[in-house]
Amino acid sequence: MDQFGLLMNGFAVALEPWNIVLMMIGIVLGVVIGVLPGLGGANGVAILLPLTFTLSPVSAIILLSCIYWGALFGGAITSILFNIPGEPWSVATTFDGYPMAQSGRAAEALTAAFTSSFVGAFVAIIMITFVAPLVAGFALRFGPPEFFAVMFLAFASFIGMGTGSPLKTLMATMAGFLLACVGLDSVTGSLRLTFGATELIRGFDFLVAVIGLFGIGEILTSIEEGLAFRGASARIDFSVVRRTWAELPRYWALSLRSSFIGCWMGVTPAGATPASFMSYGVARRMSKPGGTPFGKGRIEGVIAPETAAHAAGVSALLPMLALGVPGSPTAAVLLGGLMMWGLQPGPMLFVEQAEFVWGLIASMYIGNIVGLILVLIAVPWFAAILRVPFAVIAALILVICSIGAYTVNNAWFDVVVMLGFGALGYAMKKLDYPLAPLVLALVLGSRTEQAFRQSMLSSQGDLGVFWSNWLVGTIMTAGVVLLFWPVFSRVRGAIKVQLARRSG
Amino acid sequence: MSRRFSEISTRAAELGLAALFAAVAGLAIADSLRIGAGWSDDGPRSGYFPFWIGLILLLAALWQFASALGMRARDRTFATREELGRVASVFIPAAVHVAVMPVIGLYVASALLVAWFMTRIGDFRITIAALSGIATAVVAFIVFEIWFLVSLPKGPLETWLGY
Amino acid sequence: MRRAVLAVAAAALVSMPTTAGAQRWEPTRPVQFVVPAGTGGGADQMARMIQGIVSKNNLMRQPMVVVNKAGGAGAEAFLEMKGARGNPHTIVITLSNLFTTPLATGIPFNWRDLTPVKMLALDEFVLWVNAEAPYTTVSAFLEAGRANRLRMGGTGSRQEDQIVTAAITKASGVPFTYIPYRGGGEVAVNLVGKHVEATVNNPIEAVTHWRSGTLRPLCVFDSRRLPVTDKMTETQAWSDIPTCRESGLDVEYLMLRGIFMAPGVTQAQVNFYIELLEKVRQTPDWQELMRQGAFNTTAISGPEFVTWLTREEERHRTLMTEAGFLAGR
């Protein structure tokens, strides 16, 4: 009960008025950062880090972690309103969130996204509170083969998602993988596919590609079809939050499953991005037929990735605190921040700085609740952004996109690349090439390849390593099953028909 | 552009995009072979994955190209002339915006882009458009340059102002 | 251009240390602090630490902005610094990739393309094994490696960790399978999880696992033992770890943590940063970092630094040539 006492202590500290004020400042700043694709959570945290020295360590970490929560919430806003995911884990949110906004249901999508984020984060915090040591031990079991297996599972759960031509899906996927290969090969340290061009050394950043393909591509498609973002008639109406909330409990099973996927992926250091894709894929597989199809504005398509991404984002803090491995750039900067207060992340943090750790955990509970309230109040205003005339909003989006693409690597060339991807995205969209597989392959490609090759190095080229223990074997088998699921279900369907015929 | 041009057929667009993918795949295959695309004792070499991925892409793109050749040209329209004109009305200013960015800086370029869009695509009056453009640039400058200390490309105007 | 040439000439004339002679200079706009590595690594942490110290103690009127340019193992950052000739408002923190990246990738860059400012510290390397492993000495470890090929985890490819690994192989004749990871923290955790048998993590990357009893240090790759004598575990302090040489493994390696400026800056500008960094080094925060990470606190500037760099570059070239890490052209 010692821990319980510490947690209660933490609550007392987190609930001090001054700390609540800091939380609100942090959340608002975080949302701003999350909305502007040029500012990642890492930027915000890094820039404010020096300012926090005037605060006590607990207050400072409350402020910084609230910026982190705010940025997580904020990432969904641009995904839903403008089809521009600010962070890798918001990509899956665009698949159904943006179509919802187009059909005039922006406020509903935002409410669903924020609420699911909150649910996912909350489940993850509860997990951190009660099973932290157990979970940290589990994370240690994840070496390169296990990591590859998880990535494989993420791809497998997503395969067959495209409704378009399989050939085009294959081409888009391969193009994504190929783009991910450009630059420095992290396993041998040599350059590849750069053709001697300095600008290609850093490779193609996911964000640059996605801003182009999704953001710019969308503007081009919209203008071609007329001069407006469709469904721009969102009204400022608070009752939509209440109405959406009344609908959400129906999806409790989905939320639970997505939270589970998120927590699991966050603890294994795979992180929020594969979690969001995997959760979306699984939701689609397991959804009941009928209603709006996935990809056309189905609310489950927003709930699943958002819940999982946030469950993962929060539970990734656990390996960071307990093992010293950051799960994302933002977490890495937070990690650096801890060290500046003389707090060394790692197994000893829980022992020697228990008060700090439990204070942080308590602030996660409170911070998330404060955050949810703040962003929900703002939903109608966010949705109203869509009423701004196209000529204005398109120009602003273009400006924000160029800033976003530039700041990824502080490189002008990336802005040019972004524009190129914009034209490509327009053409691909018009010709029914699916963009999601390209982005998925680009985001996860290099880490998957690296994990595969690390595994090969350590097993001396023996592929059996992927079935060498129960953990990796189970994940790989699950991946294979998911991969061939469409075939299975078709066969099962055929058998059922046969049986029905025989008995009938 | 010739007078006969009135639209791009889907067939032509399909052919073009498939050819682009095939060309990219070809480049990747060539470079992968250069750095070694085999499987050595301790797993795949640098070029192994790019090579096979490139090969699959190449084959898929060629197949796509071939099936697009089989389409009839008049079947479907990719985009009409008016549609392309509208796309160009956004894309060309955006391209100019990006092109002049290293010279005049991002802020001035952005102000011009916003003003241009508002007068050309929207029907705003020139004064309102100009003011909006300047406001955008100033807000962006305050948020990024001063508030978050993110350094964006700057031109002579900012230098003159002492930044 | 003319001014830059004059400046170089002036710098060459004055050259010798500092203060007198050159007139004072101060940044007139925000200083960009480039990190040629990703967020969260050792260099990044140090840069952010310096940023924090500078703003906390008001050491500079203009703000300092940390910018990560990790592309191509730092290649991108170095090439950009090289291109920023005469710009006094950008500085870069370097690690060993100052030498290794150009050699491994063949990009047109050499440290002489930059203006050396100051060495801040040297980062140590320690040979770590899992605490449950049977070997407690270097010789027992090498014996085990001779019997069965062991896996060595490290950060990046053809960079410092792999160079140290290659040097161990060269000195002892024991081959290792080197497995590259993304960052030092990840490497340490993979050792704790027994996915590799050994690492050459920097002290700060592995210290917490050592203290929690999951990792065991075997030796330190320096000519003398680490100076920190506070007990880190119940029985051991950093200073209790033997050097590799006294354990019969003749390998020494230290990693540069130094600051450079773009080429063609004036001596007055260099002097400003030398003084600034000296002030940073005097702060308690900095000294705490040095103690926590058991850094080698050698800090030199001027011609002494240049001599050191020349020698180190040669050493890296030799080590990398022997290991076959040079870019195939």
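Residues numbered from 1 in each chain as written. Chains lettered and ligands numbered in written order. Predicted model: local features only at pLDDT ≥ 70, side-chain atom pairs only at ≥ 80, totals over all residues. Heavy atoms only, no water.

Attention now moves to the overall build of chain C. On a plain count of helices and strands, chain C comes out with 11 helices and 10 strands. For 329 residues, the compact-globule formula gives about 20 Å, and the C-alpha radius of gyration of chain C, at 20 Å, lands near that figure. Counting only C-alpha atoms, chain C reaches 65 × 45 × 30 Å along its principal axes. Pairs at least 24 residues apart make up 79% of the contacts formed inside chain C by residues separated by at least 6 positions. Just so you have it, chain C exposes about 12400 Å², and 51% of that area is on carbon and sulfur atoms. In chain C, which carries 33 positive and 30 negative side-chain charges, the distance between the mean positions of the two groups comes to 6 Å. (Helix = DSSP H or I, 4+ residues; strand = E, 2+ residues; numbered from the N terminus. Rg over C-alpha atoms; globule rule 2.2 N^0.38 Å. Contact = heavy atoms within 4.5 Å. Areas by Shrake-Rupley, 256 points an atom, 1.4 Å probe, with all protein chains shown as cover. Lys, Arg positive; Asp, Glu negative; His and termini not counted. Charge placed at Lys NZ, Arg CZ, Asp CG, Glu CD.)

A separate point is the state of the cysteines. Residue and element names in this part refer to chain C. Evaluated as defined, the whole model comprises 1 disulfide over all chains. Residue pairing for C219: its cysteine sulfur links by disulfide to C244, the two sulfurs lying 2.0 Å apart. Torsion about the S-S bond of the C219 and C244 cystine: about 80°, corresponding to right-handed handedness. Remark: C244 occurs in the loop between β9 (215-220) and β10 (255-261) and C219 occurs in strand β9; sequence separation between them is 25 residues. An identical accessibility class is assigned to C219 and C244; each is buried. (Disulfide = S-S within 2.5 Å. Buried < 20%, exposed > 50% of the residue type's maximum accessible area, 1.4 Å probe, protein only.)

The subject of this paragraph is the interface of chain A and chain C. The accessible area lost on association of the parts is a frequent measure of interface size. Listed per partner, the contact involves 45 residues of chain A and 45 residues of chain C. The junction of chain A with chain C conceals about 3700 Å² of combined surface from both sides, 60% of it contributed by carbon and sulfur atoms. Summed over the shared surface of chain A and chain C, the result is 2 salt bridges. The partner of R202 of chain A in a salt bridge is E76 of chain C, with the nearest N and O atoms 2.9 Å apart. Across the contact surface, chain A and chain C share 13 residue pairs in polar contact (both at pLDDT 80 or more). Of all the secondary structure elements, the ones that give two or more residues to the side of chain A that touches chain C are α7 (144-158), α15 (329-340), α16 (347-352) and α20 (436-458) of chain A. (Buried area = accessible area lost by both parts, 1.4 Å probe. Salt bridge = Lys/Arg side-chain N within 4 Å of Asp/Glu carboxyl O. Polar contact = N/O pair within 3.5 Å; in protein donor to acceptor, adjacent residues only side chain to side chain.)

Another point: the sheet that holds strand β6 (residues 150-155) of chain C. The strand order across the open sheet built from 5 strands is β7-β6-β8-β5-β9 (chain C), with neighbouring strands paired in mixed fashion. Two strands in the sheet have a free side with no partner beyond their single neighbour: β7 (176-181) and β9 of chain C. Direction of pairing for strand β5 (residues 126-130) of chain C relative to strand β8 (residues 198-199) of chain C: antiparallel, over a ladder of 2 bridges. When the bridges of β8 of chain C are listed, V129 of chain C appears paired with A198 of chain C. Where α20 of chain A meets the sheet, it contacts β6 and β7 of chain C, and its direction lies at approximately 165° from that of β7 of chain C. (Pairing = 2+ DSSP bridges. Axes fitted to C-alpha atoms, helices over the stretch in contact; angles between N-to-C directions.)

For the rest of this paragraph, the subject is the packing of helix α4 (residues 57-82) of chain A against helix α6 (residues 106-140) of chain A. Residue and element names in this part refer to chain A. Between α4 and α6, the shortest axis-to-axis distance is 10 Å and the interhelical angle comes to 155°. Here α4 lies roughly antiparallel to α6, going by the angle between them. α4 and α6 meet at a crossing whose hand is right-handed. Of the residues in α6, those in contact with F73, A76, I77, I80 and L81 of α4 are A106, A109, L110, A113, F114, S117 and F118. Here the contact of α4 with α6 is built from residues that sort into 11 nonpolar, 1 polar and no charged. (Parallel < 35°, antiparallel > 145°, perpendicular 65-115°, else oblique. Left-handed = near helix turned anticlockwise from the far one by under 90°. Nonpolar A, V, L, I, M, F, W, Y, C, P; charged D, E, K, R; others polar.)

Another point: the sheet that holds β10 of chain C. Remark on secondary structure: sheet strands pair via backbone hydrogen bonds, oriented parallel or antiparallel. Residues and elements named next belong to chain C. Within the open sheet, the 5 strands sit side by side as β2-β1-β3-β10-β4. Their pairing is mixed. Edge strands, defined here as strands with exactly one partner in the open sheet, are β2 (64-68) and β4 (115-123). The mean inter-strand angle of the sheet, taken between neighbouring strand axes irrespective of direction, is 20°. In terms of strand pairing, β4 meets β10 through 7 bridges, oriented antiparallel.

Residue and element names in this part refer to chain A. On the surface, V481, F484, W485, V487, F488, V491, I495 and L499 cluster together into a nonpolar patch covering about 720 Å² of accessible area. In terms of residues, the nonpolar patch owes the most to one element, helix α22 (residues 485-503), which gives 6 residues. By secondary structure assignment, the location of F484 is in the loop between α21 (470-483) and α22. Residue classification places F484 among the partly exposed positions, given a relative accessible area of 42%. (Patch = residues over 30% accessible without salt bridge, like charges linked within 9 Å, V, L, I, M, F, W, Y side chains within 5 Å.)

Our focus in this paragraph is the side chain of H310 of chain A. Mapped onto the secondary structure, H310 of chain A falls in helix α13 (residues 300-315). For H310 of chain A, a relative accessible area of 3% translates into the label buried.

Bringing the domain arrangement of chain C into the picture now. All names here are of chain C. Assigned domains within chain C: domain 1 (2-123 + 255-323) and domain 2 (126-240). Using C-alpha coordinates to define each centre, domain 1 is positioned 28 Å away from domain 2. Taken residue by residue, the interface counts 21 residues in domain 1 and 16 residues in domain 2. Note on domain 1 versus domain 2: buried area summed over both sides is about 1500 Å², and carbon and sulfur give 60% of it. For the interface between domain 1 and domain 2, the tally reads 2 salt bridges. A salt bridge links K170 to E322; the nearest nitrogen and oxygen atoms lie 3.2 Å apart. Applying the counting rule to domain 1 against domain 2 returns 4 residue pairs in polar contact (both at pLDDT 80 or more). Broken down by secondary-structure element, the contributors of at least two residues to the side of domain 1 that touches domain 2 are α4 (97-105), β10, α10 (284-292) and α11 (302-323). (Domains from an automatic or database assignment.)

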